[in-house]
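# Fold and contact review
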Amino acid sequence: MLENVTIFPTAQAAVNMIANEFLNYSLQNRPVHISLSGGSTPKQLFKTLATSPLSTTIHWKNLHFWWGDERMVSPDDPESNYGEAQKLLFDHITLPIQNIHRIRGEAHHQQEHDRFEKEIRKFVPHCCFDWIILGMGDDGHTASLFPGQTNFEDEALACLVQHPQTGQWRLSKTARLLSLAKRITFLVTGEKKAKILTEIANQDLKAKAYPAAKIRSHNGKTEWYLDKVAASGLTNIELTEI
């Protein structure tokens, strides 16, 4: 099911709301651990954050950046989630290098899996992220947790998976690690997502196979930020419109 749904007139309006939350988190004057996602809408977010006034008013030294998943490619590969964030955001702000906790897609798969888990345990208190931003694919996947591949009983913090169509290796946070977060925000925009969102909202049988429908913060807040196009099929749930 969908809960805490906010509908924005445009994808950019949703991005603006999230971007302002980065400022609010940065004003807490403590290390804040934020997990980013890949995709087209996050690119809008990075561009917005890299633009004045947010680029200079956000206290970047207080924010630590992680990723929900990464393709096992080099950082200069166009498919690298980290590479996109670097190009669109990090190159344009003053951020301590130690605040970037990237997944090293160019590394040996299993070795990077083990190193990434150790880094999470070392830097994130109780492995509980302050904020995890997730997207949703056209097949209902989130991070790199795909339908039919996701083991929701996995006690690990990270998992190596292969894309079901391309066979590309990816490293992803597990459902267990995602569920430990204080806050999970699904940012979902575009017409292609409307059908699956409607199935999740109506709790259709199909929706049971979608990992995005199952990811919830166990001790915090789970929310959905949608643009009007993505939310066009939602009728029977409580909505907040901006």
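Right above here is the structure, for reference.
Structure report, in brief. Because the structure is a prediction, the values reported are computed rather than measured. (Residues numbered from 1 in each chain as written. Predicted model: local features only at pLDDT ≥ 70, side-chain atom pairs only at ≥ 80, totals over all residues. Heavy atoms only, no water.)

## As for the environment of Leu36
By secondary structure assignment, the location of Leu36 is in strand 2 (residues 32-36). Classification of Leu36 as buried rests on a relative accessible area of 2%. Sequence separation between Leu36 and Ala13 is 23 residues; the distance between their C-alpha atoms is 18 Å. When neighbours within four sequence positions are excluded, Leu36 is seen to be in contact with Phe22, Phe46, Phe65, Trp66, Trp67, Gly68 and Ile133. (Helix = DSSP H or I, 4+ residues; strand = E, 2+ residues; numbered from the N terminus. Buried < 20%, exposed > 50% of the residue type's maximum accessible area, 1.4 Å probe, protein only. Contact = heavy atoms within 4.5 Å.)

## Focus on the side chain of Thr6
Relative to the helices and strands, Thr6 resides in strand 1 (residues 5-8). Judged by relative accessible area, which is 13%, Thr6 ranks as buried.

## A short note on helix 2 (residues 40-49)
Listed in full, the buried residues belonging to helix 2 are Thr41, Pro42, Leu45, Phe46, Thr48 and Leu49. All buried residues of helix 2 project into a common sector of 160° when viewed along the axis, lining one side. On its buried side, helix 2 packs onto helix 1 (11-26), strand 2, helix 3 (54-57), helix 4 (81-88), strand 5 (131-134) and strand 8 (183-188). (Arc of directions from axis to C-beta.)

## Describing the nonpolar core
Leu2, Ile120, Leu197, Trp224 and Leu234 are the most contacted members of the largest nonpolar core, which has 44 residues in total. Top contributing element to this core by residue count: helix 7 (residues 194-201), with 4 residues. Beyond its immediate sequence surroundings of up to four residues, Ile120 is in contact with Trp66, Cys127, Phe129, Leu157 and Leu177. With 32 residues, the next largest nonpolar core counts Val15, Val32, Phe46 and Leu95 among its residues. (Core = buried A, V, L, I, M, F, W, Y, C linked by side-chain atoms within 4.5 Å.)

## Section: the pattern of salt bridges
Using the criterion set out here, one finds 13 salt bridges in the structure. Across the salt bridge formed by Glu112 and Arg115, the nearest N and O atoms sit 2.7 Å from each other. Here Glu112 and its partner Arg115 are both found in helix 5 (residues 109-123), 3 residues apart, which amounts to about one turn of the helix. Glu112 gets classed as buried once you look at its relative accessible area, which sits at 2%. Several salt bridges share partner residues, and in doing so they unite Glu21, Arg183, Lys221 and Glu223 into one network. (Salt bridge = Lys/Arg side-chain N within 4 Å of Asp/Glu carboxyl O.)

## Structural notes on the sheet that holds strand 1
A sheet is described by the order of its strands in space; here 7 strands give the open sequence 3-2-5-8-9-1-10, paired in parallel fashion. The open sheet has two edge strands, strand 3 (63-67) and strand 10 (239-241), and neither has a second partner. Averaged over neighbouring strand pairs, the angle between their axes works out to 20° when direction is ignored. Relative to strand 3, strand 2 runs parallel, the two sharing 5 bridges. Among the inter-strand pairings, Ser35 is bridged to a residue of strand 3, identified as Trp66. Here helix 1 sits on the sheet in contact with strand 1, strand 2, strand 3, strand 5, strand 8 and strand 9 (221-227), set at roughly 165° to strand 5. (Pairing = 2+ DSSP bridges. Axes fitted to C-alpha atoms, helices over the stretch in contact; angles between N-to-C directions.)

## Looking at the packing of helix 1 against helix 2
The geometry of helix 1 relative to helix 2 is characterised by a closest axis approach of 9 Å and an angle of 55° between their N-to-C directions. As far as their axial angle goes, helix 2 and helix 1 are oblique. Between helix 1 and helix 2 lies a crossing whose hand is right-handed. Residues Ala11, Gln12, Val15, Asn16, Ile18, Ala19 and Phe22 of helix 1 touch helix 2, and the partners they reach there are Thr41, Gln44, Leu45, Thr48 and Leu49. Across the contact of helix 1 with helix 2, the residue classes break down as 7 nonpolar, 5 polar and no charged. (Parallel < 35°, antiparallel > 145°, perpendicular 65-115°, else oblique. Left-handed = near helix turned anticlockwise from the far one by under 90°. Nonpolar A, V, L, I, M, F, W, Y, C, P; charged D, E, K, R; others polar.)

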